[in-house]
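Chain and residue survey
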Amino acid sequence: ESKRAGRGVVRVFDESMDESIRFRRQIEGGLSEAIAKGELKMVYQPIISRDGLEIIGFEALMRWNTEEFGPISPAMFIPIAEESNLIHELGDWAIDEAAKTLQQWPGQYVSVNFSPRQFRRQNFVGHIIERVQHHGIAPDRIQIEITETAIFDDAERAAETLYRLRQMGFRIALDDFGTGYSSLYNIRRFALDCLKIDRSFIDGMGRERASAAIVHSIIHLGRALGLEVVAEGVETQEQLDTLLVAGCSHLQGYFFSRPVDADIACELAERRWLGTPPGDNVVTLEA
Ligand code: C2E
Ligand code: MG
Ligand code: MG
Ligand code: MG
């Protein structure tokens, strides 16, 4: 009896392995056709400055709606694309989309995510410049978001790449800051404009001392180095208040806006303020 049960367990386990490998293959296959089939789109989430809560940029985030499985999260499909050259196709498509949308905004930048493999590709700088020039966009309206993982392996080469990108005028943000492996020494060496505090710390801030301490440290570090600091995943008024008191310069999260479709992003960009624009709430006394 127990032998049979044991075999049964093994069999079930094997089947589930098969299942997950099959699923991955399906994802890979689906992704390679996703662009042609028009299944991908970009959505845009406002990034807000603490001063007047003005929209100063948008993060571009990829969405994939499949016929077979419905919507699949980028947290699921980007790592699969990252294991092959598919990531380059998706990445090029992403920057082209973002560039087109950006042209309809009055002045905000678009912040585009690049995975480690994209960042490390041969002649990344030349490649990205070519795409941006193709769309006739000033590099300073593009922010390149990379994670610590992208720069950790070969810090020497990464520092050089970032330096060159920054010289061309691109903005550089270090995404999910605090979750990776970069040492403070490296932070000092890299040409950066912005640190993005990972959402997990903002989420933990109200509950755990450690998260609150990390958030405060990153804000202080960023300020001391003259960098912008964006808090990701701001969901509550309480989090916002804490971040403003701590001196955080920029904010992003559902509290302000979820990622929205390009046409809505354009409306928001035109409006420039999520709340009341400064001046509108000034009461003028009648003579
Ligand atoms: P990320 O770059 O750290 O993006 C922030 C993620 O947090 C997004 O998830 C965004 O929708 C989510 N978010 C923003 N505010 C809130 C909030 O208040 N609460 C909660 N719970 N979540 C919030 P998303 O869009 O699912 O993307 C997940 C990750 O997938 C991204 O993390 C990024 O690493 C990757 N990704 C997305 N689009 C692209 C892309 O075009 N290229 C590459 N290479 N990676 C991408
Ligand atoms: Mg990001
Ligand atoms: Mg992030
Ligand atoms: Mg993230």
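Parameters and conventions
- Residues numbered from 1 in each chain as written.
- Chains lettered and ligands numbered in written order.
- Predicted model: local features only at pLDDT ≥ 70, side-chain atom pairs only at ≥ 80, totals over all residues.
- Heavy atoms only, no water.
- Helix = DSSP H or I, 4+ residues; strand = E, 2+ residues; numbered from the N terminus.
- Buried < 20%, exposed > 50% of the residue type's maximum accessible area, 1.4 Å probe, protein only.
- Near = heavy atom within 4 Å.
- Polar contact = N/O pair within 3.5 Å; in protein donor to acceptor, adjacent residues only side chain to side chain.
- Areas by Shrake-Rupley, 256 points an atom, 1.4 Å probe, with all protein chains shown as cover.
- 1 Å grid on protein atoms, 1.4 Å probe; cavity = no way out; pocket = protein on both sides within 12 Å on 5 of 7 lines; lining within 4 Å.
- Sits in = over half its atoms within 2 Å of the grid points.
- Nonpolar A, V, L, I, M, F, W, Y, C, P; charged D, E, K, R; others polar.

The name recorded for the protein in an unreviewed UniProt entry is GGDEF domain-containing response regulator, from Stakelama tenebrarum.

Examining unusual backbone geometry
Despite not being glycine, Leu53 shows a phi value in the positive range, around 50 degrees. Mapped onto the secondary structure, Leu53 falls in the loop between strand S1 (40-49) and strand S2 (55-66). By relative accessible area, Leu53 is classed as partly exposed at 29%. The phi dihedral of Asp176 is positive, around 55 degrees, even though this residue is not glycine. Locating Asp176 in the fold gives a position in strand S6 (residues 171-177). The exposure class of Asp176 is partly exposed, given its relative accessible area of 23%.

Let's talk about the site of ligand 1
Ligand 1 sits among 22 residues. The nearest are Arg63, Asn113, Asp175, Glu235 and Tyr254. At 3.1 Å, a side-chain N or O of Gln45 approaches a nitrogen atom of ligand 1. Measuring from a nitrogen atom of ligand 1, one finds a side-chain N or O atom of Glu235 at 2.5 Å. Coverage of ligand 1 by the protein chains reaches 85% of its 800 Å² of free accessible surface. Judged by its atoms lying within 2 Å of the grid points, ligand 1 is housed in the largest pocket. Contributing elements (two or more residues each) for the shell around ligand 1: S1, S2, helix H2 (74-82) and S6. Its residues assigned to classes, the shell around ligand 1 comprises nine nonpolar, six polar and seven charged.

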